[in-house]
Amino acid sequence: MDEYLIFLDETKPVKNQSPYFCLAGLMISKEEYVKHAIPQINKLKEDFFNTTSIIFHFTDMKKSRNNFANFRDNETRDKFWNSYRNILKALKFTTIGIYFDDDTMKNICAESSYKNYDIAFISLLDSIMHFLYHNSVLGQICIESRTLKENSYLLNSYCDYLNKGSLYYPIDLIQKHLSALGFIYKEDNCIGLQIADMIPSLMIRKISNKIDNFKMKSILYDKLYCKGEKTEKIVGLKQIL
């Protein structure tokens, strides 16, 4: 059974810009990730920063700040984004996500209930399972580490899903296709998480018809799971509120 890595990240609501919380990312075969994604992104880093240790952070990259101050030079910035776009176009991966109105979700949930991040994660698990099951592959979820307490809540939700099943998938099927949940620190310089870092906000820009100055949102949306099918809004980019 082929092995897949699922890298997830989130974006929170932005006042006067977007009301949505979104958890989204990419699903990529281990072979594609190791043989193509890692070396190509590292070469991109070498070409523009003379090091592979720099960590791509979309917020800083957009604003040409901190380690990305060289993007204030228009020619450098344009060459970089063109190169990055070409890499992502060529890489074989699938995007997936879930989003909802953050304030509405907070208003309908009891204070002692799950936090919005956990709600999104739990809801996204069935979409991930749909991909793994229908492609007959084994998947590992990799997510950016937050506080240890927050990690424990997420791990408990994952274990419940693994050991109790869901409305759509029985225990034996889930355990056949889901292998593990890993927490990775941003400082670990994980290429998969750095690609995932931009996906939630760009997906929200896509569904909100907002300008994307970096011309990335269409590339990522074109790779959406079940894009153009009846199930696109159920297991591809799902809105639950």
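Coordinates for the structure precede this section.
The text that follows walks through the structure, step by step, so that each part is easy to find.

## Side note on the nonpolar core
Reasoning step 1: Ranked by size, the top nonpolar core spans 46 residues in total, and within it Phe7, Phe56, Phe80, Trp81, Tyr84, Leu88 and Met198 carry the most contacts.
Reasoning step 2: The set of elements that each furnish at least two residues to this core consists of β1 (3–11), β2 (20–29), α1 (30–49), α2 (58–63), α3 (74–90), α8 (191–196), α9 (199–207) and α10 (217–222).
Reasoning step 3: It is α1 that contributes the most residues to this core, six residues altogether.
Reasoning step 4: What Tyr84 contacts, discounting residues up to four positions off in sequence, is Ile41, Leu44, Phe56, Met61, Gln194, Ile195, Met198 and Met216.
Reasoning step 5: Formed by 34 residues, the second largest nonpolar core is a distinct cluster that contains Tyr117, Ile128, Val137 and Tyr158.

## Digging into helix α5 (residues 116–134)
Reasoning step 1: Compared with the 27 Å implied by 1.5 Å per residue over 19 residues, the 28 Å span of α5 between its first and last C-alpha is a close match.
Reasoning step 2: The sharpest bend along α5 reaches about 25 degrees and sits at Leu124.
Reasoning step 3: Immediately beyond the C-terminal end of α5, within one or two residues, lies Ser136, with a positive phi of roughly 55 degrees.

## Structural notes on the pattern of salt bridges
Reasoning step 1: Tallied over the full model, the rule gives 11 salt bridges.
Reasoning step 2: The residue Lys43 makes a salt bridge to Asp47 at a minimum N-O spacing of 3.0 Å. With Lys43 and Asp47 both in helix α1 and four residues apart, the pair spans about one turn of that helix.

## Topic: the layout of surface pockets
Reasoning step 1: If you add up the space inside the largest pocket, you get close to 910 Å³.
Reasoning step 2: If you go around the largest pocket, you meet 35 residues; those closest to its centre are Glu10, Thr11, Lys12, Pro13 and Phe21.
Reasoning step 3: Those elements giving two or more residues to the lining of the largest pocket turn out to be β1, β2, α2, α4 (102–108), α5 and α9.
Reasoning step 4: Counted by class, the lining of the largest pocket contains 11 nonpolar, nine polar and 15 charged residues.

## Observations concerning helix α6 (residues 148–164)
Reasoning step 1: If you check α6, its first and last C-alpha atoms are 24 Å apart, about what 17 residues at 1.5 Å a residue would give, namely 24 Å.
Reasoning step 2: Burial in α6 covers these residues: Asn151, Leu154, Ser157, Tyr158, Tyr161 and Leu162. When α6 is viewed along its axis, its buried side chains cluster within an angular range of 135 degrees and face the same direction. Structural note: α6 exposes Leu148, Lys149 and Lys164 on the side pointing more than 90 degrees away from its buried face.
Reasoning step 3: On its buried face, α6 is in contact with α5, β4 (138–144), α7 (171–177) and β5 (178–184).
Reasoning step 4: Gly165 lies just past α6 and shows a positive phi near 75 degrees.

## A short note on the packing of aromatic side chains
Reasoning step 1: Applying the stated criterion to the full structure yields 24 aromatic pairs.
Reasoning step 2: Relative to Tyr117, the ring of Phe21 lies with its centre 6.1 Å away and its plane at 75 degrees, an arrangement referred to as edge-to-face. You can see Phe21 sitting in strand β2 and its partner Tyr117 sitting in helix α5, a full 96 residues away along the chain.
Reasoning step 3: Look at Phe21 and you get buried, because its relative accessible area is 4%.
Reasoning step 4: When the ring of Phe48 is compared with that of Phe80, the centres are 5.5 Å apart and the planes differ by 90 degrees; the resulting orientation is edge-to-face. Taken together, the residues Phe48 in helix α1 and Phe80 in helix α3 connect sequence positions 32 residues apart. An identical accessibility class is assigned to Phe48 and Phe80; each is buried.
Reasoning step 5: Among the aromatic residues, those joined into a cluster by ring pairs are Phe48, Phe49, Phe56, Phe58, Phe68, Phe71, Phe80, Trp81, Tyr84 and Phe214.
Reasoning step 6: Here the guanidinium or amino end of Arg146 rests over the ring plane of Tyr117, the centre of that ring lying 3.5 Å away.
Reasoning step 7: A cation over an aromatic ring shows up here: Lys223 above the ring of Phe93, its NZ or CZ 4.8 Å from the ring centre.

Cut-offs and rules
- Residues numbered from 1 in each chain as written.
- Predicted model: local features only at pLDDT ≥ 70, side-chain atom pairs only at ≥ 80, totals over all residues.
- Heavy atoms only, no water.
- Core = buried A, V, L, I, M, F, W, Y, C linked by side-chain atoms within 4.5 Å.
- Buried < 20%, exposed > 50% of the residue type's maximum accessible area, 1.4 Å probe, protein only.
- Helix = DSSP H or I, 4+ residues; strand = E, 2+ residues; numbered from the N terminus.
- Contact = heavy atoms within 4.5 Å.
- Expected span 1.5 Å × (residues − 1).
- Bend = angle between axes of the 7 residues up to and from the residue.
- Salt bridge = Lys/Arg side-chain N within 4 Å of Asp/Glu carboxyl O.
- 1 Å grid on protein atoms, 1.4 Å probe; cavity = no way out; pocket = protein on both sides within 12 Å on 5 of 7 lines; lining within 4 Å.
- Points joined across faces, edges and corners; volume = space filled by probe spheres on them.
- Nonpolar A, V, L, I, M, F, W, Y, C, P; charged D, E, K, R; others polar.
- Arc of directions from axis to C-beta.
- Phe/Tyr/Trp six-rings, centres within 6.5 Å; stacked < 30°, edge-to-face > 60°.
- Lys NZ or Arg CZ within 6 Å of the ring centre and 35° of its normal.

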